[in-house]
Amino acid sequence: MVKLRLKRCGRKQRAVYRIVAIDVRSRREGKDLQKVGFYDPIRNQTYLNVPAILYFLEKGAQPTETVQDILKKAEVFKELRPNHTEIQLRK
């Protein structure tokens, strides 16, 4: 199963995160399938590769809670096709 989750980058006390599509069994710093975004919590900046994210969501990838919150703020879920809106999102 594939998940969309955060991968920590940056230095000590100054973390930035990549949003990656990764196999569930991989470690946080493990090999990812594709980098699909970037999140800097200190500057509150986000970059999302929306077509790649939509591709993985349509194929059944599940976002973690934090990534799901980031995607909701960016209104990515509104761009999903109507027949794919049944993705099981956590509340």
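Just so it is clear, the model here is predicted, and its values are computed rather than measured.

### A look at the overall build of the protein
Next, step 1: In terms of regular secondary structure, the protein is built from 2 helices and 5 strands.
Next, step 2: Ordered by position from N to C terminus, the α and β elements of the protein give β-β-β-β-α-β-α.
Next, step 3: Out of the 91 residues in the protein, the part that is buried amounts to 41%.
Next, step 4: Within the protein, residue pairs in contact and separated by at least 24 positions form 36% of the contacts whose partners lie at least 6 positions apart.

### Focus on the pairing of strand E3 (residues 34-40)
Next, step 1: Direction of pairing for strand E2 (residues 14-23) relative to E3: antiparallel, over a ladder of 5 bridges. Each residue of the ladder has a partner; that of Tyr17, found in E3, is Tyr39.
Next, step 2: With antiparallel pairing between neighbouring strands as the criterion, E3 and strand E4 (residues 45-48) make up a hairpin whose turn holds 4 residues, including Asn44 at a positive phi of roughly 55°.

### Some words on the side chain of Lys7
Next, step 1: By the secondary structure assignment, Lys7 is in strand E1 (residues 2-11).
Next, step 2: A polar contact of 2.9 Å, which involves the side chain of Lys7, links it to the side chain of Asp32.
Next, step 3: In this structure Lys7 touches Val16, Tyr17, Arg18, Val20, Arg28, Glu29, Gly30 and Asp32, once residues within four positions along its chain are discounted.

Cut-offs used in this document
- Residues numbered from 1 in each chain as written.
- Predicted model: local features only at pLDDT ≥ 70, side-chain atom pairs only at ≥ 80, totals over all residues.
- Heavy atoms only, no water.
- Helix = DSSP H or I, 4+ residues; strand = E, 2+ residues; numbered from the N terminus.
- Buried < 20%, exposed > 50% of the residue type's maximum accessible area, 1.4 Å probe, protein only.
- Contact = heavy atoms within 4.5 Å.
- Pairing = 2+ DSSP bridges.
- Polar contact = N/O pair within 3.5 Å; in protein donor to acceptor, adjacent residues only side chain to side chain.

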